[in-house]
Amino acid sequence: MKSGKEIRYSKHVSLIFAVIFLLLVLGYAGTVTYLEGVNPAFLNLTALFVFSILIVGACWSRILRRQVAGFMNTLDEMVDRAIHGREQLTHFDETSLSSLEHKLLRYIEISKANEQHLESEKNTIKELISDISHQTKTPLSNILLYSQLLAETPDLGGDTRLLLDQIEAQSEKLEWLITSLIKLSRLETGMITLHSEVKPVLVTLTSAVSHIYTRAENKGISIQIECDPGTAARHDHKWTSEALFNLLENAVKYTDPGGSIRVVAESNEMFTRIDISDTGIGIAKNELEHIFKRFYRGQGARGYEGIGIGLYLTRKIISIQGGFITAASEPGQGTKLSVFLPQL
């Protein structure tokens, strides 16, 4: 059965050739009539000639249409077999079709080989991530445990206690780094599946704020949440809460004591927007396009602790759920990060 495009193409071809033949014949007849005068026998012969030419043109056009339709149907059949994995050759007699079919099958073979190679690499990465997670978890836990036990020893000198505090702090930092990299690798390799569903965002926001509230309180930073209980979005509660926590953690880190953080959530027709605004150090305009890159740290952030993976991980979590994140900032005037989560 012919498609609409094939039918329109065939009609256009027929019309073009019919017009060309008609113009040629009329031009010839008009020229001869002008040169020899009006002759009834000649006019009848010319009419018969025009009619014959039109018949031949129509037949030739019909044959051409059939050839084009047959070629298109053959190509469609080849692609359909390729899509459904039926790669056996049909042994076309036509050189062009046979060559095209061999190239198509070769392309399929290469694509399948690449797919198998990628799957093998993916499995290797999964095993590597599992090994790293298992091999580093116990030593780090032991280091933290031993440093805490040593810190409880009475009559420790001031320098010794300071060194123990540094060991504990660096061990916690290393544990967080390894945990973040493992999470990111699992997200990128598809080892972790997010389960998104439409639910109120207030619970997710509250969960994220609760994990950062103590640090904010210690710095004298106030956190204000503005969110209607009915405001909802399609999201995974656990992972979205972690993404928002990363944003809030940066806001607390780069905001001076006595500052403030404002969290506002509102819905429109397609997305629910969550704005996290702070009164921190801000970000230069030429750095805004880079802040979501892996391990990127701006000039103003060099004096603060961090490795530049939090925003990258956050964007990954949000994008997997069909959302996106934007940033607006001015140096010395704070930063506003906006998370857009789909409603459906």
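Residues numbered from 1 in each chain as written. Predicted model: local features only at pLDDT ≥ 70, side-chain atom pairs only at ≥ 80, totals over all residues. Heavy atoms only, no water.

Here the focus is the sheet that holds strand 7 (residues 335-342). With mixed pairing, five strands are arranged side by side in an open sheet as 2-4-5-7-6. Each edge of the sheet is formed by a strand with only one pairing partner; in this case those strands are strand 2 (222-227) and strand 6 (324-329). The average angle at which neighbouring strand axes cross in this sheet is 15°, direction not considered. Both strand 5 (residues 271-278) and strand 7 contribute to a ladder of seven bridges, which runs antiparallel. By the bridge assignment for strand 7, Ile274 is matched with Val339. Sheet contacts for helix 6 (residues 237-253): strand 4 (260-267), strand 5, strand 6 and strand 7; angle to strand 5, the most-contacted strand, approximately 25°. Its contacts with the sheet place helix 7 (residues 310-320) against strand 6 and strand 7, and it is angled at close to 25° to strand 7. (Pairing = 2+ DSSP bridges. Helix = DSSP H or I, 4+ residues; strand = E, 2+ residues; numbered from the N terminus. Axes fitted to C-alpha atoms, helices over the stretch in contact; angles between N-to-C directions. Contact = heavy atoms within 4.5 Å.)

With that out of the way, let us pick up helix 7. Looking only at helix 7, the buried set comprises Gly310, Leu311, Tyr312, Leu313, Thr314, Ile317 and Ile318. Buried-residue contacts for helix 7 involve helix 4 (158-188), helix 6, strand 6 and strand 7. Downstream of helix 7 by one or two residues, Gly322 has phi in the positive range, about 85°. (Buried < 20%, exposed > 50% of the residue type's maximum accessible area, 1.4 Å probe, protein only.)

Moving on, we get to the side chain of Thr240. Note that Thr240 resides in helix 6. A residue is classified by how much of its surface remains accessible, and Thr240, at 1% relative accessible area, is buried. Looking at Thr240, its side chain comes within polar contact range of the side chain of Gln321, at 3.0 Å. Not counting the four nearest positions on each side in its chain, Thr240 is found in contact with Thr204, His235, Ile317, Gln321 and Leu341. (Polar contact = N/O pair within 3.5 Å; in protein donor to acceptor, adjacent residues only side chain to side chain.)

Moving on, we come to the packing of helix 6 against helix 7. Two packed helices can be described by the angle between their axes and the distance between those axes. Taken N-terminus to C-terminus, the directions of helix 6 and helix 7 make an angle of 150°; their axes are 9 Å apart at the nearest point. By the angle between their axes, helix 6 is roughly antiparallel relative to helix 7. For the element pair helix 6 and helix 7, the recorded crossing hand is left-handed. Counting all contacts with helix 6, which are made through Trp239, Thr240, Glu242, Ala243, Asn246, Leu247 and Asn250, the residues of helix 7 involved are Gly310, Leu311, Leu313, Thr314, Ile317 and Ile318. (Parallel < 35°, antiparallel > 145°, perpendicular 65-115°, else oblique. Left-handed = near helix turned anticlockwise from the far one by under 90°.)

Turning next to the layout of surface pockets. Leftover empty space is mapped by rolling, across the atoms, a probe with the size of a water molecule. Computed from the structure, the largest pocket encloses a volume of approximately 1,100 Å³. Together, 40 residues line the largest pocket, and Asn250, Lys253, Tyr254, Glu305 and Gly306 are the ones closest to its centre. Looking at the lining of the largest pocket, the elements that each hand over two or more residues are helix 4, helix 6, strand 5, helix 7 and strand 7. Among the elements that make up the lining of the largest pocket, the one with the highest residue count is helix 6 (seven residues). Taken together, the residues of the lining of the largest pocket sort by class into 19 nonpolar, eleven polar and ten charged. (1 Å grid on protein atoms, 1.4 Å probe; cavity = no way out; pocket = protein on both sides within 12 Å on 5 of 7 lines; lining within 4 Å. Points joined across faces, edges and corners; volume = space filled by probe spheres on them. Nonpolar A, V, L, I, M, F, W, Y, C, P; charged D, E, K, R; others polar.)

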